[in-house]
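# What the coordinates show
Letter by letter, the chains look like this.
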Amino acid sequence: MKAIRRFTVRPVLPDPLRPLSDLARNLRWSWHAETRDLFQSVDPERWAASDGDPVRLLGSVSPTRLAELAEDHGFLHRLTEVAGDLDEYVTGERWYQAQPGGLPAAIAYFSPEFGVTAALPQYSGGLGILAGDHLKAASDLGVPLIGVGLLYRHGYFRQSLSRDGWQQETYPVLDPNELPVALLKEADGTPAQVSLALPGGNRLRARIWLAQVGRVPLLMLDSDIEENALGERGVTDVLYGGGSEHRLLQEMLLGIGGVRAVRTYCRLTGHAEPEVFHTNEGHAGFLGLERIAELGDQGLDFDAALEAVRAGTVFTTHTPVPAGIDRFDRELVARHFGPDAELPRIDVGRILGLGMETYPGGEPNLFNMAVMGLRLGQRANGVSLLHGQVSREMFSGLWPGFDPEEVPITSVTNGVHAPTWVAPEVFRLGARQIGPQRTQDAMTVGGSDRWDAVADIGDQDIWELRRVLREHLVDEVRERLRASWRQRGAGTAELGWIDGVLDPDVLTIGFARRVPSYKRLTLMLRDRDRLMDLLLHPERPIQIVVAGKAHPADDGGKRLVQELVRFADDPRVRHRIVFLPDYGMAMAQKLYPGCDIWLNNPLRPLEACGTSGMKAALNGCLNLSVLDGWWDEWFQPDFGWAIPTADGAGTDPDHRDDIEAAALYDLLEQRVTPRFYERGEHGLPDRWIEMVRQTLTLLGPKVLAGRMVREYVERLYTPAAHAHRAMDPASARELAAWKARVRAGWHAVTVDHVETSAATPTAELGTTLGLRVRVGLGDLGPEDVDVQAVSGRVDPEDRITDAATVPLKPAGGPDAEGKWVYEGPLALDRTGPYGYTVRILPTHRLLASGAELGLVAVPSEEAVEGAGVLLR
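Before going into details, it helps to say that this report is about the structure given with it. As the structure is a computational prediction, the values presented were derived from the model and not from experiment. (Residues numbered from 1 in each chain as written. Predicted model: local features only at pLDDT ≥ 70, side-chain atom pairs only at ≥ 80, totals over all residues. Heavy atoms only, no water.)

### So, the pairing of strand β26 (residues 820-827)
How we decide: Strands were regarded as paired on the criterion that DSSP finds at least two bridges between them. Comment: elements are numbered from the N terminus, with helices defined as DSSP H or I runs of at least four residues and strands as E runs of at least two.
Here strand β22 (residues 768-776) pairs with β26 via eight bridges, running antiparallel. Looking at the pairing, Arg 772 lines up with Glu 823 of β26. Here strand β25 (residues 809-810) pairs with β26 via two bridges, running antiparallel. Its bridge partner being in β26, Lys 809 is matched across the sheet by Glu 823.

### Some remarks on the pattern of salt bridges
Oppositely charged side chains may form a pair once their charged atoms are brought near each other. Here is the rule: When a carboxyl oxygen of Asp or Glu lies within 4 Å of a side-chain nitrogen of Lys or Arg, that pair is called a salt bridge. Accessibility here uses a 1.4 Å probe with only protein chains present; expressed as a share of the type maximum, an area under 20% marks a residue as buried, one over 50% as exposed, and anything in between as partly exposed.
Scanning the entire structure with this criterion turns up 65 salt bridges. One salt bridge connects Lys 590 with Glu 476, and the closest N-O pair in it is separated by 3.7 Å. Of this pair, Lys 590 sits in helix α22 (residues 585-594) while Glu 476 sits in helix α19 (residues 459-487); the two residues are 114 residues apart in sequence, bridging distant segments of the chain. Lys 590 gets classed as partly exposed once you look at its relative accessible area, which sits at 41%. For Glu 476, a relative accessible area of 14% gives the class buried. A salt bridge links Glu 852 to Lys 739; the shortest N-O distance between them is 3.1 Å. Separated by 113 residues along the polypeptide, Glu 852 in the segment after β27 (834-842) and Lys 739 in helix α28 (residues 729-745) bring together distant segments of the chain. Classification of Glu 852 by relative accessible area gives buried; the value is 13%.

### Observations regarding the sheet that holds strand β24 (residues 804-807)
How we decide: Angles shown run from 0 to 180 degrees and are taken between the N-to-C directions of axes, each axis being a line fitted to C-alpha atoms and, for helices, limited to the stretch in contact.
Ordered in space as β24-β23-β27, the three strands form an open sheet in which the pairing is antiparallel. This sheet does not close on itself; its edge strands, each paired only once, are β24 and β27. The average angle at which neighbouring strand axes cross in this sheet is 30 degrees, direction not considered.

### Structural notes on the packing of aromatic side chains
Inclusion rule: Pairing of aromatic rings covers Phe, Tyr and the six-membered ring of Trp, with a centre-to-centre limit of 6.5 Å; geometry is then stacked below 30 degrees between planes, edge-to-face above 60, and tilted otherwise. When the NZ atom of lysine or the CZ atom of arginine is within 6 Å of a ring's centre and also within 35 degrees of its normal, the charge is said to sit over that ring.
Scanning all chains against the criterion turns up 20 aromatic pairs. Each ring, one from Trp 95 and one from Tyr 96, has its centre 6.3 Å from the other, and the planes form 55 degrees; the classification is tilted. The exposure classification of Trp 95 matches that of Tyr 96, with both residues buried. Following the ring pairs from residue to residue traces out a cluster consisting of Trp 463, Trp 641, Phe 676, Tyr 677 and Trp 688. The ring centre of Trp 421 lies 4.7 Å from the NZ or CZ of Lys 615, which sits over that ring.

### Focus on empty space enclosed by the protein
So the rule is basically this: Site definitions follow a grid-based scheme: protein atoms alone, a 1 Å grid, a 1.4 Å probe that fits but cannot get out for cavities, and for pockets an open set with protein on both sides within 12 Å along at least five of seven lines, plus lining residues having an atom within 4 Å of a point. Grid points are joined across faces, edges and corners, and a volume is the space filled by probe spheres set on the points.
Scanning the model with the defined rule gives six cavities of 30 Å³ or more in all. The calculated volume of the largest cavity comes to roughly 80 Å³. Forming the boundary of the largest cavity are 13 residues, of which Leu 481, Trp 485, Ala 568, Asp 569 and Phe 579 lie nearest the centre. Those elements that provide at least two residues to the lining of the largest cavity are α19, α21 (555-568) and β17 (577-580).

### Quick word on the environment of Gln 159
For clarity, the cut-off: Only heavy atoms enter the contact rule, under which two residues are in contact if any of them lie within 4.5 Å. What qualifies as a polar contact is a pair of N or O atoms within 3.5 Å, subject to a donor-acceptor requirement within protein and to the restriction that residues adjacent in sequence count only when both atoms come from side chains.
Tracing the backbone shows Gln 159 in strand β3 (residues 158-161). The class of Gln 159 is buried, set by a relative accessible area of 4%. Once the C-alpha coordinates of Gln 159 and Asp 582 are considered, the two residues, 423 residues apart in sequence, prove to be 4.5 Å apart. Not counting the four nearest positions on each side in its chain, Gln 159 is found in contact with Gln 167, Gln 168, Gly 548, Lys 549, Ala 550, Phe 579, Pro 581, Asp 582 and Tyr 583. Polar side-chain contacts of Gln 159 include one of 2.9 Å to the backbone oxygen of Gly 548. Reaching out from Gln 159, the side chain makes a polar contact with the backbone nitrogen of Asp 582 at a distance of 2.7 Å.

### Observations concerning the packing of helix α13 (residues 348-355) against helix α14 (residues 369-376)
Filter applied, for reference: Oblique is the label for any angle not covered by the other classes, which are roughly parallel (under 35 degrees), roughly antiparallel (over 145) and roughly perpendicular (65 to 115). Residues are grouped as follows: Ala, Val, Leu, Ile, Met, Phe, Trp, Tyr, Cys and Pro are nonpolar; Asp, Glu, Lys and Arg are charged; all remaining types, including Gly, are polar.
At a minimum axis distance of 6 Å, the contact between α13 and α14 shows a crossing angle of 100 degrees. Between α13 and α14, the angle falls in the class roughly perpendicular. Contacts from Gly 353, Leu 354 and Gly 355 in α13 reach Val 371, Met 372, Arg 375 and Leu 376 in α14. Per-class residue counts for the contact of α13 with α14 are four nonpolar, two polar and one charged.

### Re the sheet that holds strand β19 (residues 622-626)
If you walk across this open sheet you meet the six strands as β17-β16-β15-β18-β19-β20, and the pairing is parallel. Strand pairing shows two members of the sheet lacking a second neighbour, β17 and β20 (640-643), which therefore form its edges. Each neighbouring strand pair of the sheet contributes to a mean axis angle of 20 degrees, computed without reference to strand direction. Bridging between strand β15 (residues 507-512) and strand β18 (residues 597-600) involves two bridges; their strand directions are parallel. In the sheet register, Ile 509 faces β18, and the bridge partner there is Ile 597. Contacts between α21 and the sheet are confined to β16 (542-547) and β17, with β17 contributing the most and set at about 135 degrees to the helix. Relative to the sheet, helix α26 (residues 686-699) contacts β15, β18, β19 and β20, its axis offset from that of β19 by approximately 80 degrees.

Interpretation note: all reported values are geometric properties and have no functional meaning in isolation.
Quick look at the structure:
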């Protein structure tokens with residue numbers, strides 16, 4: 001019989017065990033080994049059955065066992081120690097508290113998904129795992145972050161396979177009462193709520209669940225409450241599900257409702273109000289509108305409020321392709337705002353203006369969430385150096401007249417949270433070398449360029465560690481493969497072969513990620529005979545573990561999964577290549593350490609960063625990857641291999657895949673497998689071990705989320721906080737009025753004449769020339785503009801590369817025609833083809849960049865007569 005209602009019965013812990021409840025509710029246990037060990041000792045069998053989730057464990061332990069533990073002095077002593085350690089971790093001073101003053105009092109970090117632990121399945125892939133690692137690293141560093149997301153009742157889907165290898169999805173219902181979260185409550189004990197107005201007089205209400213991630217609170221909004229109508233209850237049903245309106249409501253709830261949730265949390269707990277708001281991808285972009293509305297209620301007009309909001313906003317883009325950005329029909333957006341819906345006091349036209357693609361190549365009827373994110377954030381970044389470059393080109397239409405390299409989008413390369421992703425065996429080896437505390441500090445705070453202590457670890461120890469990790473992976477794979485085949489309908493008698501799947505002494509390659517087409521799951525299958533030869537080589541075989549989910553609506557991705565599964569089902573190779581369904585954090589934590597090679601073969605440059613290879617590297621796994629994302633930035637032959645790419649606009653996609661697959665096979669046959677299997681005089685693969693050592697020594701400190709969060713603090717959060725403080729109401733009004741005046745008068749800003757003291761088209765290195773420029777400023781004055789000489793080497797089309805800028809100064813007042821003369825030196829500090837130009841930019845003390853307004857004036861053809869190109 002089916003229950004008509006479900007509820008959770010919680011155990012009553014004896015008084016001496018009460019700290020267990022606090023330990024279970026703080027997700028630090030997900031990356032703190034001592035806490036997990038303590039919970040495991042409560043009941044090892046139930047711990048395994050609960051998949052390492054303390055909340056589920058405590059809900060299933062018998063009262064008899066709890067009574068035993070309440071009398072167990074050894075257990076109580078450990079409990080006191082672990083609880084005391086958590087208290088010190090949460091309240092003590094950390095890296096952030098030791099920094100000089102001026103740092104933000106708090107930062108609100110918004111993301112549509114957070115991958116903190118498998119016990120809180122609120123993530124689909126890299127974006128969510130990155131967000132979870134960001135919170136954990138912020139906690140370790142003491143950064144006063146508040147995370148904001150949604151609580152999806154079905155999370156992301158669970159993946160299984162049909163008998164013929166087709167992906168199947170299920171959406172298990174998550175009961176928040178069985179998750180490591182707690183309701184945020186008002187002082188009178190009622191659940192705190194936020195509410196949004198919907199068209200037609202309806203409302204969307206949401207409760208706020210709190211997950212405590214170490215020191216960092218994570219607020220998660222949940223619309224599945226009785227006060228909502230049926231349609232509104234389903235807004236937070238599934239991550240990345242539903243049609244356009246469903247997604248729009250999710251993103252309005254995340255952005256607008258999220259700001260309201262932050263205000264509620266700060267009011268109820270006394271937490272400092274955020275000075276900086278960080279939008280992790282465009283999904284949360286509406287948060288800027290809510291903050292404009294807040295300032296409007298305090299008396300600021302829209303333009304001044306926009307400047308105030310921009311000053312304290314950081315926007316991070318994660319996608320290198322326009323198709324990866326959420327875009328909505330303008331009419332759909334317009335219907336959800338204005339007098340009869342949300343933010344009634346803001347003109348709908350102003351809201352639409354923030355997201356419309358009003359630039360060359362844009363679709364003017366579409367509202368683009370990333371475009372809104374960029375217009376609402378004074379600071380923006382991509383997530384690797386290459387992705388920053390791709391983003392500057394992709395969004396350059398928002399800054400017309402500027403070369404892509406001057407578009408104000410910087411980059412902070414992603415990192416991963418080492419305590420989450422490093423295998424306990426790797427941590428113990430480090431601790432044996434330099435002690436547990438120094439190992440912990442190296443993995444969390446970071447700060448050094450090298451982990452030189454790795455040099456002192458013996459070759460034998462490194463090789464034994466790698467074999468132990470491989471052995472663990474083999475056990476894990478066999479267990480998961482058996483479960484998968486049972487789900488596919490196989491009986492026990494059919495599965496004897498699984499005991500021989502994989503070999504702990506064979507070179508093991510891992511490939512696990514989401515399955516959009518650009519990640520090329522099946523590139524390894526381009527030449528199946530050649531792959532079979534590699535898998536079955538008599539002396540130097542390889543084995544491959546593959547995992548990944550296709551989006552439920554992506555039949556093309558599902559076909560790729562099926563193609564791979566069918567190959568892996570072939571009795572000739574199924575002991576050497578496996579596909580594991582339902583890739584998630586729990587699987588990943590076993591997979592990364594157990595592989596010798598991490599394979600990544602996306603279409604360059606479509607991988608924004610790609611952090612799975614970083615997690616593998618922290619465990620001594622070598623990377624074999626296309627030069628994309630982070631690997632393009634940090635690849636060295638010392639710690640992996642680069643798969644050559646067949647770039648070029650004219651390359652046929654099929655031909656390109658053939659070329660790059662052939663390059664992959666060549667690397668495996670000629671360089672990777674020989675190095676793994678060749679033995680030195682002591683019977684060890686000396687050259688392979690040296691690459692593992694170099695990976696840990698040089699890559700280890702770079703790929704840390706601690707390094708990433710410190711960069712955000714120093715390069716983005718702190719400047720944003722300073723800009724926020726400078727943007728008081730009077731300054732915001734001043735800047736808004738100045739921008740309006742500059743935009744209105746810019747048509748009259750001209751470069752009328754440029755002359756130089758050079759008499760010939762060649763000059764000697766080290767010469768300094770005099771530049772004299774006559775400009776028109778219209779109604780603007782010299783205090784409103786920056787007149788610059790821009791110089792550098794020139795390419796065959798006379799485009800200036802690696803440009804340097806020098807400010808020019810007014811040589812007096814305006815002449816009889818109202819024109820100004822600017823002068824300045826031009827130092828010829830480079831040989832070869834060299835050129836210069838002159839430009840005028842707006843300037844104001846409250847701008848973050850000269851490109852901020854997207855306005856620039858350059859010489860006309862007539863103005864440059866005789867100005868010359870130098871040193872050709």
